[in-house]
Amino acid sequence: MDLIVITGGRPLQGSVTISGSKNGTLPLLAAAMLAEGESVIENVPDIEDVRTMLQMLDALGVRTRFIGPGVLAIDAANLRSTEAPYQLVRKMRGSFYVAGALLARTGHAEVPLPGGCVIGSRPVDFHIQGFKALGAEVSEEAGVMKARARRLRGTRIYLDPRLRSVGATINIMLAATLADGTTIIESASREPEIVSCAEFLRECGAQITGVGSSTLVIRGVDKLRGCRYRSIPDRMEAGTFMYAAAVTKGSLLLESVRPDHLTPVVDALRSAGVTVGYGDDWLKVETRERPEAVDVMTAPYPGYPTDLQPNHGVMAALARGTSIVEETIFDARFNYTDELARMGANIKVVGRAAIIKGVPELSGAPVEATDIRAGAALVLAGLAARGSTEISGTEFIDRGYERFVDKLRPLGAQISRSAVESRGAACWV
Ligand code: EPU
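Residues numbered from 1 in each chain as written. Predicted model: local features only at pLDDT ≥ 70, side-chain atom pairs only at ≥ 80, totals over all residues. Heavy atoms only, no water.

### Here we look at the nonpolar core
Okay, step 1: Ranked by size, the top nonpolar core spans 75 residues in total, and within it Met33, Met173, Phe200 and Leu201 carry the most contacts.
Okay, step 2: Those residues in contact with Met173 that lie beyond four places of it in its chain are Ile185, Ile194, Cys197, Ala198, Leu201, Ile208, Leu216 and Ile218.
Okay, step 3: Judged by nonpolar contacts, the second largest core, of 70 residues, contains Tyr243, Val314, Val367 and Ala377. (Core = buried A, V, L, I, M, F, W, Y, C linked by side-chain atoms within 4.5 Å. Buried < 20%, exposed > 50% of the residue type's maximum accessible area, 1.4 Å probe, protein only. Contact = heavy atoms within 4.5 Å.)

Laid out in structure tokens, this is it:
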């Protein structure tokens, strides 16, 4: 077992380069399977979820190799399997993207249903409805989705506008790219990760319009060629460092970012009294004061992102006044609040809202990360807290944050990783 150990209370100072996006890169890795030649993706983050997806591609017979730091070549010429292994799908929901790509490329996909996860129930019914609308025969047997179609046919697909789905929009777009005729996806999600996937597909020869709007129009083509594409910066990693500056009363310059992807986060921090400046590809966040309470409600893009809600919760826990944080996307995304309470936070969760009464300081404690974003939030809490915090569940943080501890240390964080042997004896690494 690994622990992250932090002695908190130091303002973070300096500059940090933001990595390629996890949720942007995973769809690209599946999308590259649609092309008949080699694709090259730059700015691929070195994180556990990417490693899992590469294992998935390997299991399907797709050749991948790094040809430079963060530069990945993908060649699906020898795709030999259309059955995704359960042990990989269960690790990571993003791997379900191979369903749309396999179905479009080969007319067949057998992909285990990913099931729920700790942040809430996460069905894939919208994905399956989309595949069916495109003419696939889909059945579920022993927890596996089996989809088959001689050739998918373009059609009009209405996604539920009350519950927009990033994953379903991407999976249906992947499937529709090689279909016969035109597919129109209504109530499509508009996240930057969807825009980047559409841009990649267009570079490969796909015909997609309406990109970035809630109506995507995909005119099916016979085949795609490989292309070269740079993965977008990770807006969740960027947001995490922005909140890290705010909660430690520090000053951070973030480089290689897209501030236009972070508008609601910039607004939330400015409303809390934090100074935020930005240019085309940088953001500067600084404050010396205790933040003011700010209410947020999560919403699909361009609304406030659910993945940063736990970070906002940490800021609210330390703010002057009471904040209401509402979660509208996932039904169990307040797990981290119990851990924050153990550090002295005053939080009451009522249904889908957390009422957070700010306290002047948190104190270090042993805490456990239960998902990627809860893990990042606990690191922020540990950085801000008085005393020592030990975070277990670090494997979640490794899924989504590239070298998180190594990036924080040069900014003045007193943070290290330790491997703890099963009997509890600590050995420092
Ligand atoms: N939903 C359904 N049926 C479906 C699909 C979704 O009911 O078929 C519901 C979900 O249960 C949820 C809502 O629709 O309540 C939105 O889910 P969505 O499909 O948009 O989420 P996702 O595609 O499974 C991605 C990210 C998540 C991020 C959400 C929301 C990836 C790999 N994952 O998940 O990222 O929170 O969009 O923005 O892109 C993370 O990175 O830590 C993470 C959880």
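### Examining the confidence of the model for the protein
Fine structural detail should not be taken from predicted coordinates in areas where pLDDT scores are low.
Okay, step 1: Mean pLDDT over the protein stands at 95; residues scoring 70 or higher make up 97%.
Okay, step 2: Residue range residues 423–429 is modelled with pLDDT below 50. Its contacts to residues more than four positions away, or to other chains, number 12 contacts. (pLDDT = per-residue confidence, 0-100.)

### A word on the side chain of Glu193
Okay, step 1: Turning to its location among the elements, Glu193 is positioned in helix H7 (residues 192–203).
Okay, step 2: For Glu193, a relative accessible area of 5% puts it in the buried group.
Okay, step 3: Those residues in contact with Glu193, other than ones at most four positions away along the chain, are Ser21, Asn23, Gly24, Ile170, Ile232 and Arg235. (Helix = DSSP H or I, 4+ residues; strand = E, 2+ residues; numbered from the N terminus.)

### Observations regarding the site of the ligand
Okay, step 1: For the ligand, the set of nearby residues contains 24 residues, the closest of which are Asp125, Ser165, Val166, Asp307 and Ile329.
Okay, step 2: A distance of 2.9 Å separates an oxygen atom of the ligand from a polar atom in the side chain of Arg122.
Okay, step 3: Here an oxygen atom of the ligand and a backbone polar atom of Ile329 are 2.6 Å apart.
Okay, step 4: If the ligand stood free it would expose 830 Å²; the protein chains cover 90% of that surface.
Okay, step 5: Among the elements that make up the shell around the ligand, the one with the highest residue count is helix H5 (residues 125–133) (three residues).
Okay, step 6: In the shell around the ligand, the residues fall into 10 nonpolar, six polar and eight charged. (Near = heavy atom within 4 Å. Polar contact = N/O pair within 3.5 Å; in protein donor to acceptor, adjacent residues only side chain to side chain. Areas by Shrake-Rupley, 256 points an atom, 1.4 Å probe, with all protein chains shown as cover. Nonpolar A, V, L, I, M, F, W, Y, C, P; charged D, E, K, R; others polar.)

### So, the packing of aromatic side chains
Okay, step 1: Scanning the entire structure with this criterion turns up four aromatic pairs.
Okay, step 2: Between Phe200 and Tyr229, the ring centres sit 6.0 Å apart and the planes meet at 80°, which makes this aromatic pair edge-to-face. Of this pair, Phe200 sits in helix H7 while Tyr229 is found in strand E13 (residues 228–230), placing the two residues 29 residues apart along the sequence. Summarising the burial analysis for this pair, Phe200 and Tyr229 share the class buried. (Phe/Tyr/Trp six-rings, centres within 6.5 Å; stacked < 30°, edge-to-face > 60°.)

### Remarks on a nonpolar patch on the surface
Okay, step 1: Among the surface-exposed residues, Ile324, Val350 and Ile355 lie close enough to one another that they form a single nonpolar patch of about 210 Å² accessible area.
Okay, step 2: With respect to the secondary-structure elements, Val350 resides in strand E19 (residues 346–350).
Okay, step 3: Residue classification places Val350 among the partly exposed positions, given a relative accessible area of 45%. (Patch = residues over 30% accessible without salt bridge, like charges linked within 9 Å, V, L, I, M, F, W, Y side chains within 5 Å. Salt bridge = Lys/Arg side-chain N within 4 Å of Asp/Glu carboxyl O.)

### Describing helix H9 (residues 263–271)
Okay, step 1: Pro264, Val265, Val266, Ala268 and Leu269 are the residues of H9 that are buried.
Okay, step 2: If you follow the buried residues of H9, they end up packed against helix H8 (235–247), strand E15 (275–278), strand E16 (282–286), strand E17 (296–297) and helix H10 (309–317).
Okay, step 3: Taken from the residues just after H9, Gly273 is the one with a positive phi, measuring 90°.

### Concerning the environment of His261
Okay, step 1: Considering the arrangement of structural elements, one finds His261 in the loop between strand E14 (251–255) and H9.
Okay, step 2: Considered as a pair, His261 and Asp234 are 27 residues apart in the sequence and their alpha carbons are 9.4 Å apart.

### Some details on the sheet that holds strand E12 (residues 215–219)
Okay, step 1: Spatial ordering of the open sheet is given by E9-E10-E12-E11, a layout of four strands whose pairing is mixed. Where the open sheet ends on each side, the last strands, each with one partner, are strand E9 (156–158) and strand E11 (207–209). When strand polarity is set aside, the average angle formed by the axes of neighbouring strands in this sheet is 15°.
Okay, step 2: Where E9 meets strand E10 (residues 182–186), three bridges bridge the pair, whose relative direction is parallel. (Pairing = 2+ DSSP bridges. Axes fitted to C-alpha atoms, helices over the stretch in contact; angles between N-to-C directions.)

### A word on the sheet that holds E14
Okay, step 1: One open sheet accounts for four strands, arranged E2-E14-E16-E15; its pairing is mixed. The open sheet has two free edges, formed respectively by strand E2 (13–17) and E15, since each of these has just one partner strand. Averaged over all adjacent pairs, the angle separating strand axes in this sheet is 15°, with direction ignored.
Okay, step 2: Pairing between E14 and E16: five bridges, direction antiparallel. The residue bridging Ser251 from the neighbouring strand is Glu286, located in E16.
Okay, step 3: Most of the contacts of H8 go to E14, to which it runs at about 165°, and overall it touches E2, E14, E15 and E16.
Okay, step 4: The strands touched by H9 within the sheet are E15 and E16, with E15 carrying the most contacts at an inclination of about 145°.

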